[in-house]
Amino acid sequence: QVQVVESGGGLVQPGGSLRLSCAASGSIYRIYHMAWYRQAPGKQRELVAGIFWSSESTNYADSVKGRFTISRDKAKNTVDLQMNSLKPEDTAVYYCYSRLTGFATLMPNEYWGQGTQVTVSS
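Procedures and definitions
- Within each chain, residue numbers correspond to sequence positions counted from 1 in written order.
- Thresholds applied to this predicted model are a pLDDT of at least 70 for local features of residues and 80 or more for the giving and counting of side-chain atom pairs; totals over whole chains, interfaces and linings are not thresholded and use all residues.
- Heavy atoms from the whole structure form the basis of all side-chain values; hydrogens and water molecules are not counted.
- We treat two strands as partners when DSSP finds at least two bridges between them.
- Numbering of helices and strands runs from the N terminus; a helix is a DSSP stretch of H or I covering at least four residues, while a strand is a stretch of E covering at least two.
- Note on definitions: angles span 0 to 180 degrees between N-to-C directions of axes, and those axes are lines fitted to C-alpha atoms, for helices only across the stretch in contact.
- Should any heavy atoms of two residues lie within 4.5 Å, those residues are considered in contact.
- Burial classes: relative accessible area under 20% of the type maximum marks a residue as buried, over 50% as exposed, and values in between as partly exposed (1.4 Å probe, protein chains only).
- Think of a polar contact as two N or O atoms within 3.5 Å of one another; within protein, one of them needs to be a possible hydrogen donor and the other a possible acceptor, and neighboring residues in sequence only count if both atoms come from side chains.
- Cysteine sulfur atoms are paired as a disulfide whenever they come within 2.5 Å of each other.
- We define a salt bridge as a contact between a side-chain nitrogen of Lys or Arg and a carboxyl oxygen of Asp or Glu at a distance within 4 Å.

### Digging into the sheet that holds strand β3 (residues 18-25)
Next, step 1: Pairing is antiparallel in the open sheet, where four strands are placed in the order β1-β3-β8-β7. The open sheet has two edge strands, β1 (3-7) and β7 (68-73), and neither has a second partner. On average, each strand axis in the sheet is tilted by 15° relative to the strand beside it, whichever way the strands run.
Next, step 2: The pairing of β1 with β3 spans five bridges and is antiparallel. Opposite Glu6, over in β3, you have Cys22 as the bridge partner.

### With respect to the environment of Val64
Next, step 1: Structurally, Val64 can be placed in the loop between β6 (58-60) and β7.
Next, step 2: Counting along the chain gives 16 residues from Val64 to Val48, while the straight-line C-alpha distance between them is 7.1 Å.
Next, step 3: In this structure Val64 touches Arg38 and Val48, once residues within four positions along its chain are discounted.

### Regarding the side chain of Asp80
Next, step 1: Secondary-structure assignment places Asp80 in strand β8 (residues 78-83).
Next, step 2: For Asp80, a relative accessible area of 17% translates into the label buried.
Next, step 3: Within the structure, Asp80 has its side chain in polar contact with the side chain of Arg19 (distance 3.2 Å).
Next, step 4: Once residues lying within four places of it in the same chain are set aside, the contact partners of Asp80 are Arg19, Leu20, Ser21, Cys22, Trp36, Thr69, Ile70 and Ser71.

### Examining the environment of Gln3
Next, step 1: Among the secondary structure elements, Gln3 is positioned in strand β1.
Next, step 2: Exposure remark for Gln3: the relative accessible area of 47% places this residue in the partly exposed category.
Next, step 3: For the pair Gln3 and Ile28, spaced 25 residues apart in the sequence, the C-alpha separation amounts to 9.6 Å.
Next, step 4: Every residue in contact with Gln3, bar those within four places of it in the chain, is listed here: Ala23, Ala24 and Ser25.

### As for the state of the cysteines
Next, step 1: Taken as a whole, this structure holds one disulfide when the rule is applied.
Next, step 2: Between the sulfur of Cys22 and that of Cys96 lies a disulfide, 2.0 Å long from S to S. Handedness here is read from the sign of the S-S torsion; for Cys22 and Cys96, about -85°, the answer is left-handed. Within this pair, whereas Cys22 is found in strand β3, its partner Cys96 is found in strand β9 (residues 92-102), the two being separated by 74 residues in sequence. Cys96 matches Cys22 in its accessibility class, with the two residues each being buried.

### Side note on the pattern of salt bridges
Next, step 1: This structure, assessed with the given rule, holds six salt bridges.
Next, step 2: The closest approach of N and O atoms between Asp80 and Arg19, which form a salt bridge, is 3.2 Å. With Asp80 in strand β8 and Arg19 in strand β3, this pair connects stretches of sequence that are 61 residues apart.
Next, step 3: Given the relative accessible area of 42%, Arg19 is considered partly exposed.
Next, step 4: Of the charged contacts, one joins Arg38 and Asp90 as a salt bridge, the two residues approaching to 2.9 Å between their closest N and O atoms. Of this pair, Arg38 sits in strand β4 (residues 28-39) while Asp90 sits in the loop between β8 and β9; the two residues are 52 residues apart in sequence, bridging distant segments of the chain. Assigned by exposure class, Arg38 and Asp90 land together as buried.
Next, step 5: Sharing partners across several salt bridges, the network here consists of Arg38, Glu46, Arg67 and Asp90.

Nothing here speaks to function; it is geometry throughout.
And the structure:
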């Protein structure tokens, strides 16, 4: 059984920082890609940042470039999102996503975390 679990959300003032963490656990054979998405009320879920596991290549939404940094720990199967200079428009539920192959299926599948709330407000 594979699980993806986020942590680190909360309330922060504009201009502040938060760090989100996500851990993929269980019988994992190989991870290909992990990413952070977010969904604000009344809006579609959007990609915030992603990282390819082997190359460590990253990509970011234009709205967060220069403010957010995604990083991964290959040994721990974790991915972090460092969010700086937060704005009210960053308020959303943030979801961790992983594309990986587990030993149970030996086929690539997509997994989502349960989401963590980030609120940027004074």
